[in-house]
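These are the residues of each chain, in order.
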Amino acid sequence: LDLPVPWRVMASPVRLLQRLPAVLSVGDVATASRVLAEADVRAFSDLTGDHNPLHFDTGFAAKSRFGSPIVHGMLYATLFNAIIADAMPGAVHLTQTFDFRLPVYPGDEVLARLRVSEVHPAQRRVVF
């Protein structure tokens, strides 16, 4: 895959996904990772308009349960979009549900993992 830097997708599972539903099996896995920098948080904030001080203001964030600024949850959630879009060009991403269990801080590396749970070859549909 030819991904923009700094996105890094683990090659072998994603190449499997490029073959689309005919050869996918329940349990197949694809991953993507990225180190999320303060510049990414600022760019995401500017794009979305989410300027919550929890993401930028060290003093404000220090008083929170997180202790320092955190990355927007929806920023690191986009790693799943990267896997789907780059592995299956033209695929439509229909739904997604998250539980944000731990904070992500600027400088952390985040790993996203998709596991195939259903394959519907006749509809050319894959459920992760």
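Note that this is a predicted model, so its numbers are computed, not measured.

### Some words on the overall build of the chain
Item 1. For the chain, the helix and strand inventory stands at four helices and five strands.
Item 2. Moving toward the C terminus, one meets the helices and strands of the chain in the order β-α-β-α-α-α-β-β-β.
Item 3. Counting only residues that meet the buried cut, the chain has 34% of its 128 residues in that class.
Item 4. Considering only contacts within the chain whose residues lie at least 6 apart along the sequence, 63% involve residues at least 24 apart.
Item 5. Entry remark: accessible area of the chain is about 7,900 Å², with carbon and sulfur atoms responsible for 54%.

### A few points about the environment of Ala112
Item 1. Following the sequence through the fold, Ala112 ends up in strand 3 (residues 109-115).
Item 2. Taking the C-alpha atoms as reference points, Ala112 and Thr31, separated by 81 residues in sequence, lie 5.4 Å from one another.
Item 3. Not counting the four nearest positions on each side in its chain, Ala112 is found in contact with Ala30, Thr31, Ala32, Leu79, Phe80 and Ile83.

### Section: the packing of aromatic side chains
Item 1. Counted under the stated rule, the structure contains three aromatic pairs.
Item 2. Ring geometry for Phe80 against Phe98: centres 5.9 Å apart, planes inclined by 45°, an arrangement best described as tilted. On the criterion of sequence distance, the pair formed by Phe80 in helix 4 (residues 73-87) and Phe98 in the loop between helix 4 and strand 3 is long-range, its members being 18 residues apart.
Item 3. The exposure class assigned to Phe98 is partly exposed, which follows from its relative accessible area of 24%.
Item 4. Each ring, one from Phe98 and one from Phe100, has its centre 5.4 Å from the other, and the planes form 20°; the classification is stacked.
Item 5. Aromatic rings pair up to connect Tyr76, Phe80, Phe98 and Phe100 into one cluster.

### Here we look at helix 4
Item 1. End to end, helix 4 covers 23 Å across 15 residues, agreeing with the expected 21 Å (1.5 Å per residue, within 8%).
Item 2. Listed as buried for helix 4 are Gly73, Leu75, Tyr76, Ala77, Leu79, Phe80, Ala82, Ile83, Ile84 and Ala87.

Calculation notes
Residues numbered from 1 in each chain as written. Predicted model: local features only at pLDDT ≥ 70, side-chain atom pairs only at ≥ 80, totals over all residues. Heavy atoms only, no water. Helix = DSSP H or I, 4+ residues; strand = E, 2+ residues; numbered from the N terminus. Buried < 20%, exposed > 50% of the residue type's maximum accessible area, 1.4 Å probe, protein only. Contact = heavy atoms within 4.5 Å. Areas by Shrake-Rupley, 256 points an atom, 1.4 Å probe, with all protein chains shown as cover. Phe/Tyr/Trp six-rings, centres within 6.5 Å; stacked < 30°, edge-to-face > 60°. Expected span 1.5 Å × (residues − 1).

Distances and angles like these do not, on their own, reveal function.
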